[in-house]
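Here are the chains, one letter per residue:
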Amino acid sequence: MFRLRADRTRRIEAIIIFTSIAVLAGCAATPPPSESVPETVPDAPDAEIVMLEAEAMAQDEQFEEAATILEELVEREQMNTAAMRLLANVYAALGLKDKSTETWTRISVLNPNDPDAAYETGIAMARSGDWQSLRSKMLFLESSGKMESRHYLLLGEADLELGYRSEAELYLKKAAGETRAHYLLGELYYGRGKLEKAKREFETVLESNPDNYSAHLHLGWLLYNKGEERSALAHYSTAARLNPADPLSALSLAGLLEEMDQRGKAIEHYSDALSLPGIPPEEKKKAYNSLSRLLVEMKRYPRAKEVIGHGLADFPTSGGLYYQWGIILLSEGSKEEAREKLRKAALDPVWRETALQKLHTIR
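The structure reproduced in this document is the subject of the present report. (Residues numbered from 1 in each chain as written. Predicted model: local features only at pLDDT ≥ 70, side-chain atom pairs only at ≥ 80, totals over all residues. Heavy atoms only, no water.)

## So, the packing of helix H4 (residues 81-93) against helix H5 (residues 97-110)
Where H4 meets H5, the closest approach of the two axes is 8 Å, and the angle between their N-to-C directions is 160°. Between H4 and H5, the angle falls in the class roughly antiparallel. Once H4 is placed against H5, the crossing between them reads as left-handed. Listed contacts from H5 to Thr81, Met84, Arg85, Ala88, Asn89, Tyr91 and Ala92 of H4 are Lys99, Ser100, Thr103, Trp104, Arg106, Ile107 and Leu110. Tallied by class, residues from the contact of H4 with H5 come to 7 nonpolar, 4 polar and 3 charged. (Axes fitted to C-alpha atoms, helices over the stretch in contact; angles between N-to-C directions. Helix = DSSP H or I, 4+ residues; strand = E, 2+ residues; numbered from the N terminus. Parallel < 35°, antiparallel > 145°, perpendicular 65-115°, else oblique. Left-handed = near helix turned anticlockwise from the far one by under 90°. Contact = heavy atoms within 4.5 Å. Nonpolar A, V, L, I, M, F, W, Y, C, P; charged D, E, K, R; others polar.)

## Section: the pattern of salt bridges
Opposite charge on two side chains allows them to pair when their charged atoms are near. Summed over the entire model, instances satisfying the criterion amount to 23 salt bridges. A salt bridge links glutamate 283 to lysine 286; its shortest N-O distance comes to 4.0 Å. Taken together, the residues span about one helical turn, with glutamate 283 and lysine 286 both in helix H16 (residues 281-297) at a distance of 3 residues. Its relative accessible area of 34% is what places glutamate 283 among the partly exposed residues. What you see here is one network of salt bridges that share partners, running through Arg85, Asp114, Asp116, Glu148 and Arg150. (Salt bridge = Lys/Arg side-chain N within 4 Å of Asp/Glu carboxyl O. Buried < 20%, exposed > 50% of the residue type's maximum accessible area, 1.4 Å probe, protein only.)

## Regarding the packing of aromatic side chains
Enumeration over the complete set of coordinates arrives at 6 aromatic pairs. When the ring centre of tryptophan 325 is taken as origin, the NZ or CZ atom of lysine 341, which lies over that ring, is 3.9 Å away. (Phe/Tyr/Trp six-rings, centres within 6.5 Å; stacked < 30°, edge-to-face > 60°. Lys NZ or Arg CZ within 6 Å of the ring centre and 35° of its normal.)

Now the structure itself:
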């Protein structure tokens, strides 16, 4: 009896325990209606997928969209230089030079020997005129053995700006094949009076870039210096066509045409040059004198008077302009007025002797 009662008691206890466990389990599995299940945060997209999407966007010229997803990636993965490289190029395509340079600088900090980052940050230093920092950066890159012709070009240009001309020549020669390196070598030799070497360098520039205005201008002068006027004329004419806004090419062309006795064309180009801004004062004064003299020689007096008036407004003591004015007045029979202008011309030391000689011939 005790045993049966004891067995029954144990069975009741077991049922109670099992029921309690079941109730507890049910409570864990089914939350109360008032509770909410937390939302699952999606995993960030894989970096390679983001970069592939960005590249596709960039190819479709969707640069702003590409920049947005790359900025998020770079913010998340601050050591991902491949993403930074792509972002820097996207910024450049958007015309955001400062942001592009900042991104290249980040790459350069993470990897000082990265050739692309060294070049791009070097270009930014050149634009800002920080030649000493540029030189130091390129010399550091050279010590790593990662230098390429484009880096030698930057180093050579920095040396030129800092006055290290012998070293500049060495590095610019190592940048052979870079058009600007040949141009800078040409200027270097030109300044040293090594005209034949300069000529070869400028000719090399034109082989790769036939529309290089400055190379044509230099070659024009070098060929003129050798007495090859017709070849010089071809280069001056090309320079004037390529850059009609630069008075230097028009003045050079006008001067050569004057020497070749093509006075009508010379007048045309002197006039063109004087209509342009940015002429150095001394060159402008010479141009006024040459143009007025040619007009007087061709007896185009009304136009000559107009030019003389403009010239004296800029250069009120120009003996050459007063001299030409005196010649015009003499041709018109106004001797007293001619004497007055020639006396003013004689106040200019450059024209003193010529003006006095002409003054003494008036009777």
